[in-house]
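Overview (structure and organization)
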Amino acid sequence: MKTIEQIAAELQGYDPQALSAERVNQFLAQLVEPVTATETVGVFEALGRVLAQDVVSPISVPPHDNSAMDGFGFHSSQLLPGQPLSLRVVGTAFAGKAWQGTVAAGECLKIMTGAIMPPELDTVVPLEFVKAQGELIEIPPGVVSAGDNRRLLGEDLTAGQPALRRGQTLGPAALGLIASLGLPGVEVVRKLKVAYFSTGDEILSLGEPLREGAVYDSNRYTVFGLLTRMGVEVIDMGVIKDEPAALEAAFRQAAHEADAIITSGGVSMGEADHTKAMMKQLGDVAFWRIAMRPGRPMAVGRIEERGKSAALFGLPGNPVAVMVTFLAFVRPALQRLMGCQACEPVLLKAHSAEALRKKPGRTEYQRGVVSRGADGSLRVRTTGNQGSGVLRSMVEANGLIVLHHGQGNVAVGDEVDVMMFDGVI
Ligand code: AMP
Ligand code: MG
């Protein structure tokens, strides 16, 4: 593992006092290494987990040609342009068991959705398109073409081919796919453990009476929610008072138990507290000022305890800054730790409903409400007050407008990037 100093030396344009958001992510990608331990879990337990190995299909899906509709199966060579086709029905094939017999020229087979297609048939005409009279049916001209409504063997998956790739986060569709292969379970990366605590003498835990100058701890709850959505194991360490002994014990325990530690508060310039000092004392830590808004100060590094090391993310204290720095930096870093590949959020483009003031030279994350305009295109407005302590604005928003480092003012109607919250927050 590289030290903070080594990573910093290798990173072009590294300036801890004015780091761009892009540099932060490049730095963090060097700081964290994917966990290698894996475990085998059942299909239900695999939801949200990261696949540790390619899943190779042991069978072809579907395992045989079958009908995609309830209808009549026949061979298309008998279709003549502009002419109806009359056929005699010789039997009925149901899903779940093979129909015994053969279908000759001039004949057809009544066939249900999912039933095996006998090899001599290549096309299914849906029931509703034909005129039936006793044993005879008539297919009107133009209602069906060769190959229609036939699902081919292996069209979903072919035996021996990778059905899922390692590094993929397993969602509902992947669970279904794994089950469709008849596999009882899959090998996934072991769950990440993330410890978090809030710092600051003014921070109250729930249940404590409100006193002057104090605020209730909200960061632990947002961090809990964000982590839980990522499917990691959380270790909640509460609010830690600004006392060296308490901080030391918390950092040591967290480093011993977790893969990553997330703290909030105590990392800004003017802090007279012990949090930064303790991070420095116990770990290899850099203190940054990031060219972004909200969320300028941040501490990152590694803390070691009894031969075990944990990545440290010391987030600012402001409640919105915590969420924004989490989404912008911590989440991608944790995903990398989890062995997740190609999991960056897709940014949408929306037309700004308002003019936005923006200085080039820093990345701004504004809380936005995305909706569909009258013309069907996406539009986004801000939630108003963008103060970094206004958590209400995060609740009202359904995404973050990302105004990139080099970007300047935005005019009404300009397209902006939006990171949607859906599935993340
Ligand atoms: P700091 O980064 O410690 O200077 O904190 C910045 C602001 O965030 C201060 O107004 C703190 O009171 C507030 N803050 C810090 N930690 C929390 C927390 N856990 N919950 C709510 N507000 C907090
Ligand atoms: Mg503080």
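All chains use their own residue numbering, which begins from 1 and follows the written sequence. Both sets of labels track the order of writing: A upward for chains, 1 upward for ligands. Side-chain atom pairs in this predicted model are given and counted only at pLDDT of 80 or more, local residue features only at pLDDT of at least 70, and totals for whole chains, interfaces and linings cover all residues. As a rule here, side-chain values cover all heavy atoms of the structure and leave hydrogens and water aside.

1. Brief notes about the domain arrangement of the protein chain
The test is simple: In this document the domain limits rely on a domain assignment from an automatic tool or a database.
For the protein chain, the assigned domains are domain 1 (4-37 + 191-337), domain 2 (43-59 + 158-189), domain 3 (66-151) and domain 4 (347-420). Computed from C-alpha atoms alone, the centre-to-centre distance between domain 2 and domain 4 is 37 Å.

2. Focus on unusual backbone geometry
Filter applied, for reference: A run of H or I in DSSP becomes a helix once it reaches four residues, and a run of E becomes a strand once it reaches two; helices and strands are each numbered from the N terminus.
Geometrically, the link from Val61 to Pro62 is a cis peptide bond, its omega value of -10° lying close to zero. Inspection of the secondary structure assignment puts Pro62 in the loop between strand S2 (55-56) and strand S3 (66-67). Of the consecutive residues Arg293 and Pro294, the connecting peptide bond is found in the cis state with omega at -5°. Within the secondary structure, Pro294 sits in the loop between strand S19 (292-293) and strand S20 (297-305). Phi is positive for Asn149, close to 60°, though the residue is something other than glycine. By secondary structure assignment, the location of Asn149 is in the loop between strand S9 (136-139) and strand S10 (150-151).

3. Describing the packing of aromatic side chains
Here is the rule: Pairs were defined over the aromatic rings of Phe, Tyr and Trp, the Trp ring being its six-membered one, requiring ring centres within 6.5 Å. Orientation was assigned from the angle between planes: stacked under 30 degrees, edge-to-face over 60, tilted for the rest. Remark: exposure states derive from per-residue accessible area (1.4 Å probe, protein chains only) relative to the maximum for the residue type, with buried under 20%, exposed over 50%, and partly exposed in between.
Tallied over the full model, the rule gives three aromatic pairs. When the ring of Phe27 is compared with that of Trp288, the centres are 4.8 Å apart and the planes differ by 85°; the resulting orientation is edge-to-face. Linking Phe27 in helix H2 (residues 21-31) with Trp288 in strand S18 (residues 283-289), this pair joins segments that are 261 residues apart in sequence. The class of Phe27 is buried, set by a relative accessible area of 0%. Where Phe197 meets Phe251, the ring centres are 5.1 Å apart and the plane angle is 70°; that geometry is what we call edge-to-face. Linking Phe197 in strand S13 (residues 193-199) with Phe251 in helix H5 (residues 244-257), this pair joins segments that are 54 residues apart in sequence.

4. Observations regarding the nonpolar core
Put simply, the rule is: In this text, buried Ala, Val, Leu, Ile, Met, Phe, Trp, Tyr and Cys residues form a nonpolar core when linked through side-chain atoms within 4.5 Å. Whether two residues are in contact is decided by their heavy atoms, any of which lying within 4.5 Å being enough.
Formed by 56 residues in total, the largest nonpolar core has its most connected members in Leu28, Leu227, Ile262, Trp288, Phe313, Phe329 and Leu334. At twelve residues, the largest contribution of residues to this core is made by helix H7 (residues 319-337). Setting aside residues no more than four positions away along its own chain, Phe313 makes contact with Leu28, Val32, Ala260, Ile261, Ile262, Thr263, Met298, Ala299, Val330, Ala333 and Leu334. Residues Ala250, Ala255, Val285 and Ala299 belong to the second largest nonpolar core, which totals 22 residues.

5. Description of helix H3 (residues 172-180)
Applicable threshold: Taken from the helix axis, the directions to the C-beta atoms give the arc we talk about.
Along H3, the positions that sit buried rather than exposed are Ala174, Leu175, Leu177 and Ile178. In a view along the axis of H3, the buried residues occupy a sector of 165°, so they form one face of it. In this structure, H3 carries Pro172 and Ala173 as exposed residues pointing more than 90 degrees from its buried face. Buried residues in H3 make contact with strand S11 (162-164) and strand S12 (185-189).

6. Points about the pairing of strand S24 (residues 378-382)
Quick reminder of the rule: Only strands joined by at least two bridges in the DSSP assignment are considered to pair.
Bridge count between strand S22 (residues 347-352) and S24: two bridges; the pairing is parallel. Across the sheet, Ser352 pairs through a bridge with Val380, a residue of S24. For strand S23 (residues 363-372) and S24, the ladder comprises five bridges, and the chain directions are antiparallel. Bridging from a neighbouring strand, Val369 pairs with Arg381 of S24. Between the end of S23 and the start of S24, which pair antiparallel, lie five residues, with Gly376 showing a positive phi angle near 90°.

7. A closer look at the environment of Gly368
Here Gly368 is to be found in strand S23. Each C-alpha atom, one on Gly368 and one on Arg381, is 5.5 Å from the other, the two residues being 13 residues apart in sequence. Those residues in contact with Gly368 that lie beyond four places of it in its chain are Val380, Arg381, Thr382, Ala397, Asn398, Gly399 and Ile401.

8. Side note on the pattern of salt bridges
How we decide: Take a side-chain nitrogen of Lys or Arg and a carboxyl oxygen of Asp or Glu: if they are within 4 Å of each other, that pair is a salt bridge.
Considering all chains together, one arrives at 16 salt bridges under this definition. With a closest N to O distance of 3.0 Å, Glu10 and Lys2 form a salt bridge. What you see here is one network of salt bridges that share partners, running through Glu248, Arg252, Glu305 and Arg306.

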